Amino acid sequence: MVTEEQEWVLVSRPKIPWLTEEEPLKVRFAGPAKHWTDAAPIGNGRLGAMIWGGVASEKIQLNDDTLWTGIPGNYTSSNAPTVLSQVRELVDVGKYAEASTTAIDLQGHPSDVYQPLGDINLEFSDPDAEYSEQTYERELDLDTATVKVRHSLNDVLFTREHFCSGAHQVLVTKISADKSGALSFIVGLDSKLHHQSNVMGDSRIVMEGSCPGIRRAPKLNLNDNPEGLQFSAVLELRASDGSVVKTLDNRRFKVEGSSWVVLLLAAASSFDGPFTKPLDSKKKPTSEALNTLDLVRNMSYSDLYSYHLNDYQRLFHRVSLQLSKSSSAAVQEEQLNVSSQCRRIGQGTYGETKTYGEDINGVSISSAERVKSFKNDEDPSLVTLLFQYGRYLLISCSRPGTQVANLQGIWNKDIEPAWDGAPHLNINLQMNYWPSLSCNLQECQEPLFDYISSLAVNGSKTAKVNYACNGWVAHQVSDIWAKTSPDRGDPLWALWPMGGAWLCSHLWEHYTYTMDKGFLKDKAYPLLQGCTLFLLDWLIDGHGGLLETNPSTSPEHTFIAPDGKKASVSYSSTMDMAIIREIFSIIVSASEILGRSDDDLVKKVKNAEPRLNPTKISRDGSIMEWAQDFEDPEVHHRHISHLFGLFPGHTISLEKTPDLCKAASNTLYKRGEDGPGWSTTWKMACWARLHNSEHAYRMVKHLIDLVDPDHEADFEGGLYSNLFTAHPPFQIDANFGFTAGIAEMLVQSTMKDLYLLPSLPRDKWANGCVKGLKARGGVTVSICWKEGDLHETSIFATDQNSFTRVHYNGTVVTTRFLAGNVYTFNKQLKCLKTSLVSEMALP
């Protein structure tokens with residue numbers, strides 16, 4: 001068994017001499033936040049905060065991942081079977097527009113809504129005093145998961161440090177001054193939800209409140225005033241000797257004459273799982289929050305910080321990435337930089353005139369300015385920063401035992417967030433977890449598996465009542481209560497019973513990367529069985545003796561039917577068939593590993609698979625999106641659902657289906673490059689899977705565009721100043737899609753094949769090194785390249801591996817990786833040496 005410490009050896013090898021000096025992994029800001037998307041996010045998976053960095057006042061906006069409206073619901077409809085029959089009859093006779101209208105009656109209740117916890121509000125003395133803008137610094141350090149704010153006021157340097165401890169489940173803020181007794185401020189807790197705040201003793205503020213028991217509208221047929229989730233946040237204040245702490249209006253503290261103050265915040269809710277009503281919960285949020293603080297009562301700030309670093313860096317430091325341009329290009333740029341002035345007058349984050357330091361000694365500009373200049377300088381280090389930012393965000397919003405990462409991760413300021421902040425199962429939730437395996441953060445995927453288990457419970461009821469099917473089903477939108485019924489609204493997006501099946505592919509992917517047979521047997525296979533049972537029952541005899549899905553949609557897209565009417569409901573969309581084919585392949589492969597190939601379920605799958613509608617090529621040479629070659633009224637639509645088989649699926653590949661790959665390329669050309677952030681990164685991953693580095697990089701460049709939050713409707717995709725990705729508005733999925741897409745450009749794998757640098761844009765990232773990426777088969781990969789050509793790769797396995805084909809630039813070698821051994825290859829894929837990880841010196 002290779003230990004984590006032994007894996008760390010390969011990631012921490014000495015710096016490669018031909019690479020330019022690494023930029024610090026820091027998101028930098030030019031001033032205090034003016035918008036929420038200028039604030040810096042921190043989190044421990046469950047508790048999140050946005051740091052605004054104000055001077056006269058500061059807001060630390062808070063989130064807890066269990067705060068949602070509503071209560072457990074009934075996700076069935078006794079009327080659905082009748083409507084289902086009507087829709088199927090209309091589809092069978094080609095009345096697709098009428099079927100789309102009738103299918104509205106299959107809708108269910110809307111999802112519930114993610115809620116904000118509240119704010120820590122800080123008001124500092126001398127609010128009218130002017131601070132020195134030249135001294136202001138605010139940065140998020142990805143290496144330490146810490147936000148720091150510094151500024152000078154009246155010749156005093158004030159520093160604030162913020163982190164969210166996963167080790168001790170507290171948000172920690174330290175405020176200090178470089179002159180003794182110079183720190184004074186007022187602190188309190190507030191929330192947009194129903195709440196009350198009160199001082200407890202001489203050092204704590206307790207805020208207690210509740211989430212709405214129903215969403216504001218238009219949920220129907222619920223009891224009039226159900227009790228919603230209860231919550232509590234407790235803020236503890238620790239001040240330096242000599243500080244004076246007073247109570248104001250029994251709700252806030254006033255601190256005077258202090259040298260430093262440490263604020264600790266713990267939070268809890270009455271959420272006790274998706275099947276327990278808040279009224280029946282035995283949890284006591286205030287007691288839990290107080291207990292959390294009591295556990296760290298005797299720990300100093302430095303102790304808390306040390307534990308925080310160990311907990312976070314254990315995950316973050318598994319992967320390193322460094323990218324740079326060719327040596328000649330770097331020399332030319334350095335000469336230009338040296339000859340340029342050391343200071344410049346430029347445009348601020350959103351257009352205001354501002355002076356920035358930009359000298360060759362390392363005075364840095366904001367990350368927003370780097371985004372704005374990327375169209376011209378194409379700085380590879382910004383790509384590295386965005387890649388690691390995705391890994392940082394996943395660690396910060398999804399950890400074992402937390403809730404699944406939602407549409408905004410865990411960060412949200414609104415009681416009515418865009419799209420309810422809910423997990424969307426037709427791409428967005430899945431994309432949130434794309435980087436978890438390839439980017440060596442497999443533990444961060446555990447909340448997704450817990451969530452799938454909950455969906456399977458409710459989904460079995462929905463399958464039985466709504467569709468008279470065995471197994472379990474989930475649709476397009478869900479929430480903390482594991483909603484599985486169709487959402488309220490147009491079937492265009494609400495009627496899509498493939499959400500659970502897509503999620504199940506993640507179960508198999510986890511096995512292929514980790515080779516954890518116990519996980520496959522105990523966790524994955526039972527869920528896959530239930531999913532497969534539903535799919536077998538959902539398939540019905542159809543056209544030409546094939547099995548079909550009816551009704552069927554291609555998520556959020558319409559077509560022009562032969563009668564000239566626009567419609568969304570038909571039969572056997574390409575995405576339906578691709579997902580079903582993927583799950584059938586998975587259940588067969590899993591059964592072989594577990595010795596269950598003779599199960600009746602597996603036999604039924606093997607009989608059904610040949611009768612699935614195949615992926616077809618349309619008359620214009622692209623992948624056909626529906627079972628018929630319908631006219632597409634919106635060829636540049638944001639979704640590329642019919643390319644599921646290419647990515648993230650595996651039924652379209654360069655080696656096995658070259659004709660479909662050519663059609664997939666035509667599809668991507670046809671769809672175009674514009675679209676929201678998640679669409680951009682999905683296209684990026686698809687181009688990478690096609691080994692098309694030029695177009696994969698075009699999508700990288702397309703995403704790196706600074707969004708003005710005052711005019712975000714003018715943008716498609718892009719980045720905010722804090723590097724959150726935009727739909728717009730903010731959706732976190734593209735942050736994760738970008739990270740996964742970069743990994744896909746550098747390493748691709750199947751259980752039998754390993755591709756090195758398959759989509760490397762050699763003219764843009766001529767030199768580079770990536771260490772610690774994961775590949776299927778329990779393999780860890782590190783690669784260094786020079787002037788666009790492979791220099792050396794190190795590969796090692798954590799599990800006994802069968803023969804694997806290693807591919808690079810047309811060269812293929814077959815080798816067998818034995819657990820615990822490191823294999824080093826040169827650019828001709830000649831094995832230079834083999835060594836045991838246990839024998840390598842630890843740093």
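Once a new chain begins, its residue numbering starts again from 1 and follows that chain's sequence as written. Local features are withheld for residues below a pLDDT of 70 in this predicted model, meaning they are given only at 70 or higher, and side-chain atom pairs are given and counted only at 80 or more; totals for whole chains, interfaces and linings count all residues. Side-chain metrics rest on all non-hydrogen atoms present in the structure, leaving aside hydrogens and water.

Chemist: Explanation requested: helix α14 (residues 517–538) in the structure shown.
Modeler: The periodicity of an α-helix, 3.6 residues per turn, causes residues three or four places apart in sequence to face the same way. Runs of H or I in DSSP of at least four residues are treated as helices and runs of E of at least two as strands, each being numbered from the N terminus. Residue count minus one, scaled by 1.5 Å, sets the expected span of a helix. Along its 22 residues, α14 runs 29 Å from first to last C-alpha, staying within 8% of the 32 Å computed at 1.5 Å per residue. Along its length, α14 reaches its greatest deviation from straightness, about 45°, at Ala524, and the proline Pro526 lies no more than four positions downstream. For α14, the side-chain oxygen to backbone nitrogen distance between the N-cap and Gly518 is 3.1 Å, and the N-cap itself is Asp516. Given a residue, its bend is the angle between the two axes fitted to the seven residues that end at it and to the seven that start from it. Polar contacts, as counted here, are pairs of nitrogen or oxygen atoms within 3.5 Å of one another; within protein the pair requires one atom able to donate a hydrogen and one able to accept it, and residues that are adjacent in sequence qualify only if both atoms are side-chain atoms.

Chemist: I would appreciate a short explanation of the state of the cysteines in the present structure.
Modeler: Note: disulfide means a covalent bond formed between the sulfur atoms of two cysteine side chains. The disulfide definition used here is simple: a pair of cysteine sulfur atoms within 2.5 Å. Per the counting criterion, the structure on display carries one disulfide. Each disulfide pairs two cysteine sulfurs, and for Cys769 the partner residue is Cys784, the sulfurs being separated by 2.1 Å. You can see Cys769 sitting in strand β26 (residues 767–775) and its partner Cys784 sitting in strand β27 (residues 779–786), a full 15 residues away along the chain. Each member of the pair, Cys769 together with Cys784, is buried. Cys397 supplies the cysteine sulfur nearest to Cys444, a cysteine that is in no disulfide, at a spacing of 8.2 Å. We note that Cys469 lacks a disulfide partner, and the nearest cysteine sulfur, in Cys531, lies 12 Å from it. Only protein chains enter the calculation, and the probe is 1.4 Å; a residue is then buried if its accessible area is under 20% of its type maximum, exposed if over 50%, and partly exposed in between.

Chemist: Could you clarify how one ought to interpret the nonpolar core in this entry?
Modeler: For our purposes a nonpolar core is just a set of buried Ala, Val, Leu, Ile, Met, Phe, Trp, Tyr and Cys residues, chained together by side-chain atoms within 4.5 Å. Judged by nonpolar contacts, the single largest core of 231 residues is most densely connected at Ile120, Leu171, Tyr392, Trp682, Ile742 and Leu746. No other element matches helix α15 (residues 574–594), which puts 12 residues into this core. Residues contacting Ile742, with those up to four places away along its chain left out, are Leu321, Val383, Phe387, Met684, Val700 and Trp765. Judged by nonpolar contacts, the second largest core, of 15 residues, contains Val172, Leu290, Leu293 and Met299. The contact criterion used is simple: two residues touch if any of their non-hydrogen atoms lie within 4.5 Å.

Chemist: What is the right way to look at the sheet that holds strand β30 (residues 811–816) in this model?
Modeler: Within a sheet, each strand pairs with its neighbour through backbone hydrogen bonds, oriented either parallel or antiparallel. Across the sheet, which stays open at both edges, the four strands sit in the order β24-β25-β29-β30 with mixed pairing between neighbours. The open sheet has two edge strands with one neighbour each: β24 (747–749) and β30. Within the sheet, the average angular offset between the axes of one strand and its neighbour, ignoring direction, is 20°. Here a strand pair is declared whenever DSSP counts at least two bridges between the two strands. Note: strand β29 (residues 803–808) against β30, six bridges, orientation antiparallel. Across the sheet, residue Phe803 finds its bridge partner in β30, namely Arg816. To obtain each axis, a line is fitted to C-alpha atoms, and for helices this fit is confined to the stretch in contact; angles are then taken between N-to-C directions over 0 to 180 degrees.

Chemist: Whenever I open this one, the pattern of salt bridges confuses me. Can you help?
Modeler: Side chains bearing opposite charge may pair, as long as their charged atoms lie close to each other. Each salt bridge in this description consists of a side-chain nitrogen of Lys or Arg and a carboxyl oxygen of Asp or Glu lying within 4 Å of one another. Summed over the entire model, instances satisfying the criterion amount to 39 salt bridges. Residues Asp753 and Arg805 are paired through a salt bridge, measuring 2.8 Å at the closest nitrogen-oxygen approach. Of this pair, Asp753 sits in strand β25 (residues 753–756) while Arg805 sits in strand β29, placing them 52 residues apart in sequence. Its relative accessible area of 35% is what places Arg805 among the partly exposed residues. Because the salt bridges share partners, they merge into one network encompassing Arg204, Glu236, Arg238, Asp294 and Arg297.

Chemist: Explain the sheet that holds strand β7 (residues 146–153) here, please?
Modeler: Read from one edge of the open sheet, nine strands run β1-β6-β7-β8-β9-β16-β13-β12-β11, paired in antiparallel fashion. Each edge of the sheet is formed by a strand with only one pairing partner; in this case those strands are β1 (26–29) and β11 (194–200). Taken over all neighbouring pairs, the strand axes of this sheet differ in orientation by 15° on average, direction set aside. Direction of pairing for β11 relative to strand β12 (residues 204–210): antiparallel, over a ladder of seven bridges. Looking at β12, one finds that Gln196 is bridged to Glu208.

Chemist: How should I be thinking about the environment of Lys375 in this particular structure?
Modeler: Relative to the helices and strands, Lys375 resides in helix α7 (residues 367–377). Owing to a relative accessible area of 33%, Lys375 belongs among the partly exposed residues under this scheme. For the pair formed by Lys375 and Asp705, sequence separation is 330 residues and the distance between their alpha carbons is 7.9 Å. Ignoring any residue separated from it by four or fewer positions in sequence, one finds Lys375 in contact with Lys701, His702, Ile704 and Asp705. Here the side chain of Lys375 touches Ile704 through a polar contact of 3.3 Å, landing on its backbone oxygen.

Chemist: I'm lost on the packing of aromatic side chains in this one. Help?
Modeler: The geometry of two aromatic rings is summed up by the distance between their centres and the angle between their planes. For this analysis, a ring pair means two rings from Phe, Tyr or Trp (six-membered ring only for Trp) whose centres lie within 6.5 Å, classed as stacked if their planes differ by under 30 degrees, edge-to-face if by over 60, and tilted for the remaining angles. The tally for this structure, following the rule as stated, stands at 31 aromatic pairs. Measuring from centroid to centroid gives 6.1 Å for Trp502 and Trp682, while their planes differ by 40°, and the two rings are tilted. One end of the pair, Trp502, is in helix α13 (residues 499–514); the other, Trp682, is in helix α18 (residues 677–689), and 180 residues separate them in sequence. Of the two residues, Trp502 and Trp682, both sit in the buried class. On the basis of an interplanar angle of 80° and a centroid distance of 5.8 Å, the ring pair of Tyr697 and Trp765 is categorised as edge-to-face. Of the two residues, Tyr697 is situated in helix α19 (residues 693–703) and Trp765 in the loop between β25 and β26; the sequence distance between them amounts to 68 residues. Residue Tyr697 is classed as buried on the basis of its relative accessible area, which comes to 5%.

Limitation: the analysis is restricted to geometry and does not speak to function.
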